[in-house]
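One letter stands for each residue in the lines below.
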Amino acid sequence: MDKVSRRNVLKAGGALGALGALSIATPAHALPPWTWSAQGSVAGAGAGTDPRWVWDEQADPLVASLLDRGDVPRVNTLLRTWTKNGQPLPAGLPADLRDFMEQARQLPSWADQGKLATAFRFNEKRGLYLGVLYGLASGMMSTVIPKEARAVYYSQGGADMKDRISKTAKLGYDIGTRNAFQADGEMIVTCVKTRLVHAAVRHLLPQSPYWPDVADEEIPISQRDMMVTWHSLPTTVMQKLTAWKVPIPAAESEAFLHSWQLGGHMLGIKDEYLPASWAEANSQADQVLKPVLAPTPEGIKLADILLNLGSSVDAGILSKPILGAFTRFLLGDQIAGWVKIRREPVWDPLLKLSWGPFIAVREGLLPFPLAPEAYWLFDEFLRKAALLFLSEARPISIEIPDTNRPS
């Protein structure tokens, strides 16, 4: 496979979404009690511990030690050469990090390569939809997940959001490739490196002169936070595709879920928190995602940055008004209002009236050989959404941060 860059990430429809490690909304003491049963998880059982009090007991102390020892710059240099799942780890890594990474890169016993092959067929057929949903549903939703928005804004990545998003978008690209979890793929590498990044943020962010003043927890990116982000991705995507009446065979739906279950596991989420079915995913999302959505000053700033990313490559198709209208259409008036997206007199009604028929025409459910111009515009939007990051095509390297946002 070609070296992954911003260009081929977005060309493949892996999208600006996977905004990923962004982290919840109401104060911790006001969150509803954890009642979701681990019997509905991939593990089928668990301790039942509220995931807001669980982090990553393997990665967190290790990365804190790397930071305190001053090893992070050297480690980042070495890990730039580790790009394929089956590739040996670079020589010269600290022994404790090497031991952790060798363990963390192993697939769980329940990984099903047959389902992963079916998931690729799903991603291949639905790549255009997935690109927009990862970006404008999942990605923009991250700006109204307060813990997530604050964690991103005040961490090192918040100082260069375009670079930050390109790195997190790599997750959405890699999980959709044919060989995502195979030796010549890159998804395992991306997950392990992201897991190290999360651990670094947990250690660094409490030391920020800004974050503790606005945070409602002492340590960011808990297992509950990670599940909130997880639901903003596959759960939200499948809910939208279902609402749009996109015909999806049951085997492909199950396989898409499996790929994200596996992705969550490789990111360090415990199996007892990963839903075993879409019904369980929807049930858990009702408890952990929907109640916490809310605006924050940091989220409003991040949303504005996201909506302006297309300005340098607009080409007459992408622009802030169109991206804003799609965000309103996908996430609703309340969320659009929270992040101060203005109403668009042309695009708002056009999307409401024409998107359903556009999907039906595209899926062959509604024969319409002389489709209106609006349908062509929608199709062009789906295709050219990939251009958002094309102004910079250098390779994407996920690296462990060693500082917070400088100002």
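Computed from a predicted structure; not experimentally measured.

Colleague: Would you mind showing me how to read the environment of Leu130 here?
Modeller: You can see Leu130 is positioned in helix α5 (residues 113-141). Its relative accessible area of 2% is what places Leu130 among the buried residues. Taking C-alpha positions, Leu130 is 9.6 Å from Gly176, a pair spaced 46 residues apart along the chain.

Colleague: Could you clarify how one ought to interpret unusual backbone geometry in this entry?
Modeller: Trans peptide bonds make up most of the peptide bonds, and negative phi angles are found at most residues other than glycine. The phi dihedral of Ile221 is positive, around 55 degrees, even though this residue is not glycine. Along the chain, Ile221 falls in the loop between α9 (211-214) and α10 (223-243). Of note, Lys340 is a non-glycine position whose phi angle comes to about 65 degrees, a positive value. Structurally, Lys340 can be placed in the loop between α15 (333-338) and α16 (347-362).

Colleague: Looking at this model, I keep getting lost on the packing of aromatic side chains. Mind explaining?
Modeller: Any aromatic ring pair is given by two values, namely how distant the centres are and how the planes are angled relative to each other. Under the defined criterion, the tally for this structure stands at twelve aromatic pairs. With a centroid separation of 5.2 Å and an interplanar angle of 65 degrees, the aromatic rings of Trp244 and Trp355 are classed as edge-to-face. Linking Trp244 in the loop between α10 and α11 (250-266) with Trp355 in helix α16, this pair joins segments that are 111 residues apart in sequence. There is no split in this pair, since Trp244 and Trp355 are both buried. Considering the side-chain rings of Trp355 and Phe358, the 5.1 Å spacing of their centres and the 45 degrees angle between planes classify their relative orientation as tilted. Note that Trp355 and Phe358 are positioned in helix α16 at a spacing of three residues, about one turn of the helix. Each member of the pair, Trp355 together with Phe358, is buried. An aromatic cluster of at least three residues, connected via ring pairs, comprises Tyr129, Trp244, Phe326, Phe329, Trp347, Trp355 and Phe358. Over the face of the ring belonging to Tyr153 we find Arg405, whose NZ or CZ atom lies 4.2 Å from the ring centre.

Procedures and definitions
- Residues numbered from 1 in each chain as written.
- Predicted model: local features only at pLDDT ≥ 70, side-chain atom pairs only at ≥ 80, totals over all residues.
- Heavy atoms only, no water.
- Helix = DSSP H or I, 4+ residues; strand = E, 2+ residues; numbered from the N terminus.
- Buried < 20%, exposed > 50% of the residue type's maximum accessible area, 1.4 Å probe, protein only.
- Phe/Tyr/Trp six-rings, centres within 6.5 Å; stacked < 30°, edge-to-face > 60°.
- Lys NZ or Arg CZ within 6 Å of the ring centre and 35° of its normal.

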